[in-house]
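# Examination of the molecular architecture
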Amino acid sequence: MRVKVANNTPGFPLNRIDWIKEAPLKVSTFIWKAKMGRIPSSLALSQRGVNLSSITCGHCNWGEECADHILINCSFANDTREWIFRWCGIGNVAINSVGELLKFATTWGRCPKKRKLLTLISYGLLWLIWNARNDRIFKQRFISPTLVVDNIKSLALNAQLTPFAMSIHASSSPEGFNRKVHYTDKDQVDITECNVLEHLQKKLNRLEDL
């Protein structure tokens, strides 16, 4: 099914994504649509004939609210991504679109485990940024970038022992994470190591003892 969807994607193969089995289908589908710019942003809704008072980003008040702006270029998204990259031990990287982020994650380095983990983290990053945007608009609830970062860390630290789908299904709101986890510099992910998943498993075991 996923192969059929990919092969029928407009602009294939440029708009293809990696359909990772650890990511729930609804999240992968969202990533696929976001890469093509087909999520219901203000700009997309306006282009479909929906009458909106403004198509400017409601968070930074700069730029049209398209998929790439919400998930990549808005100050909220940019700050969140930079913190996650630092946590993963990645330096400054110029990312201007969803496609560029996914390409970077799926091609960076030579270790397949590392690329897969960074891709999963990127999926979680985009998904949680989108949910934070929707909470702000529809529930008048502001979720800070630091909370999004903590939630992504929770997903990454559970990647080996807990199915990614179970974690990310609970991530649409802060209430999905009932256990407060405190992070220190020792919890930084050295994603340049080939045994990164085993490394995360040890970190999770240590956190569970707290």
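Residues numbered from 1 in each chain as written. Predicted model: local features only at pLDDT ≥ 70, side-chain atom pairs only at ≥ 80, totals over all residues. Heavy atoms only, no water.

## As for the packing of helix α5 (residues 75-87) against helix α7 (residues 112-138)
The criterion, for reference: Interaxial angles span 0 to 180 degrees and are taken between N-to-C directions of axes, which are lines fitted to C-alpha atoms, for helices over the stretch in contact. Secondary structure elements follow DSSP: runs of H or I no shorter than four residues count as helices, runs of E no shorter than two count as strands, and numbering proceeds from the N terminus. These descriptions rest on fixed angle ranges, namely under 35 degrees for roughly parallel, over 145 for roughly antiparallel, 65 to 115 for roughly perpendicular, and the rest for oblique. Left-handed describes a crossing whose near helix is turned anticlockwise from the far helix by less than a right angle; the clockwise case is right-handed. In what follows, residue pairs with any heavy atoms lying within 4.5 Å of each other are defined as contacts.
The interhelical angle for the contact between α5 and α7, taken along N-to-C directions, is 150°, at an axis separation of 11 Å. In terms of orientation, α5 lies roughly antiparallel with respect to α7. Judged by the twist between their axes, the crossing of α5 over α7 is right-handed. Contact residues: α5 offers Phe76, Ala77, Thr80, Arg81, Ile84 and Trp87, while α7 offers Ile121, Leu125, Ile129 and Ala132.

## So, the packing of aromatic side chains
The geometry of an aromatic ring pair is captured by the separation of the ring centres together with the interplanar angle, meaning the angle of the planes. For the record, the criterion: Each aromatic pair joins two rings of Phe, Tyr and Trp (for Trp, the six-membered one) with centres within 6.5 Å, and gets the label stacked for planes under 30 degrees apart, edge-to-face for over 60, and tilted for any other angle. Burial here depends on accessible area, computed with a 1.4 Å probe over protein chains only, as a share of the maximum for the residue type. Under 20% is buried, over 50% is exposed, and the range in between is partly exposed. Geometrically, a lysine NZ or arginine CZ counts as sitting over a ring once it is within 6 Å of the ring centre and also within 35 degrees of the ring normal.
Scanning the entire structure with this criterion turns up six aromatic pairs. Consider the rings of Trp19 and Trp32, whose centres lie 6.1 Å apart with planes at 50°: the pair is tilted. In this pair, Trp19 is assigned in the loop between α1 (2-7) and α2 (25-35) and Trp32 in helix α2, connecting sequence segments 13 residues apart. Exposure class is identical for Trp19 and Trp32. Each is buried. Where Phe30 meets Trp130, the ring centres are 5.5 Å apart and the plane angle is 35°; that geometry is what we call tilted. Placement of Phe30 in helix α2 and of Trp130 in helix α7 is noted, with a sequence separation of 100 residues between them. Among the residues examined, Trp130 registers a relative accessible area of 8% and is labelled buried. Three or more aromatic residues link up through ring pairs in this structure, and these residues are Phe30, Trp127 and Trp130. Sitting above the plane of the Trp108 ring, Lys114 keeps its charged end 4.5 Å from the centroid.

## Here we look at the nonpolar core
Stated precisely, the cut-off is as follows: Side-chain atoms within 4.5 Å are what join buried Ala, Val, Leu, Ile, Met, Phe, Trp, Tyr and Cys residues into a set we call a nonpolar core.
Residues Phe30, Ile31, Leu71, Ile84, Ile121, Tyr123 and Leu126 are the most contacted members of the largest nonpolar core, which totals 48 residues. Elements with a contribution of two residues or more to this core: α2, α4 (67-73), α5, α6 (98-107), α7 and α8 (145-157). Here the element with the most residues in this core is α7; it accounts for 12 residues. Dropping the residues within four chain positions of it, Phe30 is found in contact with Ile39, Leu71, Leu126, Trp127 and Trp130.

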